[in-house]
Amino acid sequence: MPAEPARSPDDVWLDHVRAECAKAVGAWLEGSVRLERPIRSLTSSELQGIAEAATSRWIVLASGRIAQAPDAPGSPKLSMLLG
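Rules of the game
Residues numbered from 1 in each chain as written. Predicted model: local features only at pLDDT ≥ 70, side-chain atom pairs only at ≥ 80, totals over all residues. Heavy atoms only, no water. Axes fitted to C-alpha atoms, helices over the stretch in contact; angles between N-to-C directions. Helix = DSSP H or I, 4+ residues; strand = E, 2+ residues; numbered from the N terminus. Parallel < 35°, antiparallel > 145°, perpendicular 65-115°, else oblique. Left-handed = near helix turned anticlockwise from the far one by under 90°. Contact = heavy atoms within 4.5 Å. Nonpolar A, V, L, I, M, F, W, Y, C, P; charged D, E, K, R; others polar. pLDDT = per-residue confidence, 0-100. Salt bridge = Lys/Arg side-chain N within 4 Å of Asp/Glu carboxyl O.

Participant: Sorry, what's going on with the packing of helix 2 (residues 44-68) against helix 3 (residues 75-82) here?
Facilitator: How two helices pack is summed up by the angle between their axes together with the distance between the axes. Two numbers describe how helix 2 lies on helix 3: the axes approach to 10 Å, and their chain directions differ by 140°. When the axes of helix 2 and helix 3 are compared, the pair comes out oblique. Seen from above, helix 2 lies across helix 3 with left-handed handedness. Between helix 2 and helix 3, the contacting residues are Trp58, Ile59, Ala62, Ser63, Arg65 and Ile66 on the first element and Ser75, Leu78, Ser79, Leu81 and Leu82 on the second. In terms of residue class, the contact of helix 2 with helix 3 is built from seven nonpolar, three polar and one charged.

The structure is reproduced here in structure tokens:
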């Protein structure tokens with residue numbers, strides 16, 4: 001099997017962000033709804049809560065990345081998205 005190409009720091013960060021956002025969604029679900037319910041039974045308000053949990057986590061992580069590396073190539077785009 002051929003070796004996987006080296007991953008960029010941006011790709012590694014994006015994977016981290018996806019995992020953290022998924023954890024935030026899971027935590028929101030565990031604290032707010034019965035997990036045995038089908039997804040289709042969630043109300044609009046509950047779906048908005050899920051979106052808010054993921055978005056909030058992304059904002060915290062993106063803000064932290066900008067603070068740690070303000071001159072990194074991706075920082076201006078993140079700043080624009082947060083602005």
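Participant: Got a minute to help me understand the confidence of the model for the chain in this structure?
Facilitator: Low-pLDDT portions of the prediction should not be read for the details of their coordinates. Scored by pLDDT, the chain comes out at a mean of 92, with 100% of its residues at no less than 70. For the chain, helix 3 is the element with the lowest average pLDDT, namely 92, and helix 2 is the one with the highest, namely 96.

Participant: I keep staring at the pattern of salt bridges and nothing clicks. Help me out?
Facilitator: A side chain of one charge can pair with a side chain of the opposite charge when the charged atoms of the two come close. Scanning the entire structure with this criterion turns up seven salt bridges. Taking the shortest distance from any N to any O, the salt bridge between Glu46 and Arg37 comes out at 2.9 Å. When salt bridges that share partners are traced, they join Arg7, Asp15 and Arg18 into one network.

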